[in-house]
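Residues per chain, in single letters:
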Amino acid sequence: MQFQLSGQQIEVTPALRDHATAKLDRLTRLDDKLKSLTVVLSLDKLQQRADGTLSVVGGTLHAEATEADMYASIDVLFDKLVAQLRKHREKVADKHQRQAREERQYG
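A brief look at the structure comes next. (Residues numbered from 1 in each chain as written. Predicted model: local features only at pLDDT ≥ 70, side-chain atom pairs only at ≥ 80, totals over all residues. Heavy atoms only, no water.)

Let's talk about the layout of surface pockets
Operational definition: Points on a 1 Å grid over protein atoms alone make up a cavity when a 1.4 Å probe fits among them but cannot get out, and a pocket when they form an open set with protein on both sides within 12 Å along at least five of seven lines; lining residues each have an atom within 4 Å of a point. Grid points are joined across faces, edges and corners, and a volume is the space filled by probe spheres set on the points. Three residue categories are used. Nonpolar comprises Ala, Val, Leu, Ile, Met, Phe, Trp, Tyr, Cys and Pro, charged comprises Asp, Glu, Lys and Arg, and polar comprises the others, including Gly.
One number sums up the size of the largest pocket: a volume of about 170 Å³. Residue lining of the largest pocket: D31, K33, V56, V57, H88, R89, V92 and A93, and that is the complete set. For the lining of the largest pocket, the class distribution of residues is four nonpolar, one polar and three charged.

A look at the nonpolar core
The criterion, for reference: Residues belong to a common nonpolar core when they are buried Ala, Val, Leu, Ile, Met, Phe, Trp, Tyr or Cys residues joined through side-chain atoms within 4.5 Å. Each residue is placed in one exposure class: buried if its accessible area under a 1.4 Å probe, protein chains only, is under 20% of its type's maximum, exposed if it is over 50%, and partly exposed if it falls in between. Numbered from the N terminus, helices here are DSSP runs of H or I no shorter than four residues, and strands are runs of E no shorter than two.
Core analysis: the largest hydrophobic core is formed by 22 residues, its most contacted members being L27, L37, L41 and L54. Elements supplying a minimum of two residues to this core: α1 (14-30), β2 (36-44), β3 (47-56), β4 (59-67) and α2 (70-106).

Remarks on the pattern of salt bridges
Put simply, the test is: Only one rule defines a salt bridge in this text: a Lys or Arg side-chain nitrogen within 4 Å of an Asp or Glu carboxyl oxygen.
Counted under the stated rule, the structure contains seven salt bridges. R29 is paired through a salt bridge with D25; the nearest N and O atoms lie 3.4 Å apart. Here R29 and its partner D25 are both found in helix α1, four residues apart, which amounts to about one turn of the helix. Where salt bridges share partners, they join D44, R49, D51 and E64 into one cluster.

Some details on unusual backbone geometry
Notably, Q9 is not glycine yet its phi reads approximately 60 degrees, a positive angle. Tracing the sequence through the fold places Q9 in the loop between β1 (2-8) and α1. For Q9, a relative accessible area of 70% puts it in the exposed group. Here K45, not a glycine, exhibits a phi torsion of approximately 55 degrees, which is positive. Inspection of the secondary structure puts K45 in the loop between β2 and β3. Owing to a relative accessible area of 85%, K45 belongs among the exposed residues under this scheme.

Topic: the sheet that holds β2
Under the convention used in this document: When DSSP finds two or more bridges between two strands, those strands count as paired. Working convention: axes come from line fits to C-alpha atoms, limited for helices to the stretch in contact. Angles between N-to-C directions cover 0 to 180 degrees. In this analysis, two residues are considered to be in contact whenever any of their non-hydrogen atoms come within 4.5 Å of each other.
With mixed pairing, four strands are arranged side by side in an open sheet as β1-β2-β3-β4. For this open sheet the edge positions go to β1 and β4, each flanked by a neighbour on one side alone. Geometrically, the sheet is characterised by an average inter-axis angle of 15 degrees between neighbouring strands, direction not taken into account. With nine bridges connecting them, β2 and β3 associate as antiparallel partners. Residue pairing in the sheet places D44 in a bridge with Q47 of β3. Contacting β1, β2 and β3, α1 runs over the sheet at an angle of about 140 degrees to β1.

Here it is in structure tokens:
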């Protein structure tokens, strides 16, 4: 999986990169077929903002988080992406189960 971390009006320090990379493991444990993740860190006056776009098989997931601390923003961003990825996987699994059930019923 490709992982890109960039900053707008903020320098991405090695500590921020390590923190985001550590959180990346949560996503890869849920689905090993992820295509790419792009995270953009930015400053909006006094708010620290993190935007993330996750490309998965069958769609694209996007989340954003704004907190007073950049590390907290990254944590909330990954929490939102994990929740969206779980929901996406459940939809895909339900669709496949429904198709299999219809084939058994109607031949």
